[in-house]
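Reading the structure
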Amino acid sequence: MSSFASSAVLLVGNEQVPVEAELGELTPPKGSQWAGLLHGVPQRLAAAMQRGAEARLCWPDGQERSVRLAGVPHTDAQGHLLVAILGEGALPAG
């Protein structure tokens, strides 16, 4: 299984914010989908994603992938918002 953590930029509508992403392949694989957690997503952008706004992740090397929510965002023990996502296309290289 391939997995990695990386800094990325989340684009939702015409807003963009830096986030930290923990990504990995789905096991068993479900076509060209992968999953992960995003840290540092503002509540307003998580809410926009819940309403169906288009979202994309962009990495420093120029790779970009469409993502969508995989469940309801929640907070961790430190009170930080965690957003579970499903990504489309091949898992970006770590």
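What you are looking at is a predicted structure, and each value in this text was computed from that prediction instead of being measured.

Details of the pairing of strand E7 (residues 81-88)
- Across the 8 residues that make up E7, a large majority, 6, are buried.
- Both strand E3 (residues 33-39) and E7 contribute to a ladder of 7 bridges, which runs antiparallel. Pairing of Leu37 across the sheet is with Ala84, part of E7.
- Two strands pair when backbone bridges link them, and strand E6 (residues 74-75) and E7 are joined in this way by 2 bridges, in the antiparallel orientation. Considered in E7, the bridge of Thr75 is made with Leu81.
- Two successive antiparallel strands, E6 and E7, enclose a turn made up of 5 residues, where Gly79 displays a positive phi of approximately 85°.

A short note on the pattern of salt bridges
- Scanning the entire structure with this criterion turns up 3 salt bridges.
- Put simply, Arg44 and Glu15 hold a salt bridge, and the shortest N to O gap is 2.8 Å. Pair noted here: Arg44 is in helix H1 (residues 43-50) and Glu15 is in strand E2 (residues 15-25), with a separation of 29 residues, a long-range link.
- For Glu15, a relative accessible area of 31% corresponds to the partly exposed category.
- Between Glu88 and Arg68 there is a salt bridge, with the nearest N and O atoms lying 3.5 Å from each other. Of this pair, Glu88 sits in strand E7 while Arg68 sits in strand E5 (residues 64-69), and the two are 20 residues apart along the sequence.
- Of the residues examined, Glu88 reaches a relative accessible area of 41% and is grouped as partly exposed.

Considerations on the pairing of E2
- Examined bridge by bridge, strand E1 (residues 3-12) and E2 share 10 bridges and lie antiparallel to one another. The residue of E2 that forms the bridge with Val12 is Glu15.
- Where E1 folds back on E2, the antiparallel hairpin that results is connected by 2 residues, among which Gly13 adopts a positive phi of roughly 60°.
- Alignment of E2 against E3, held across 6 bridges, turns out to be antiparallel. Looking across to E3, one finds that Glu20 is bridged to His39.

Definitions and limits used
Once a new chain begins, its residue numbering starts again from 1 and follows that chain's sequence as written. Given that this is a predicted model, residues contribute local features only at a pLDDT of at least 70 and side-chain atom pairs are listed and counted only at 80 or more, while totals for whole chains, interfaces and linings are drawn from all residues. Hydrogen atoms and water are omitted, and side-chain values are computed over all heavy atoms in the structure. For the exposure calls, accessible area comes from a 1.4 Å probe over protein chains only, and a residue counts as buried if that area is under 20% of its type's maximum, exposed if over 50%, partly exposed in between. Segments assigned H or I by DSSP are reported as helices when at least four residues long, segments assigned E as strands when at least two residues long, and all are numbered from the N terminus. Any two strands are treated as partners once DSSP identifies two or more bridges connecting them. The salt bridge criterion pairs a side-chain nitrogen of Lys or Arg with a carboxyl oxygen of Asp or Glu, the two atoms within 4 Å.

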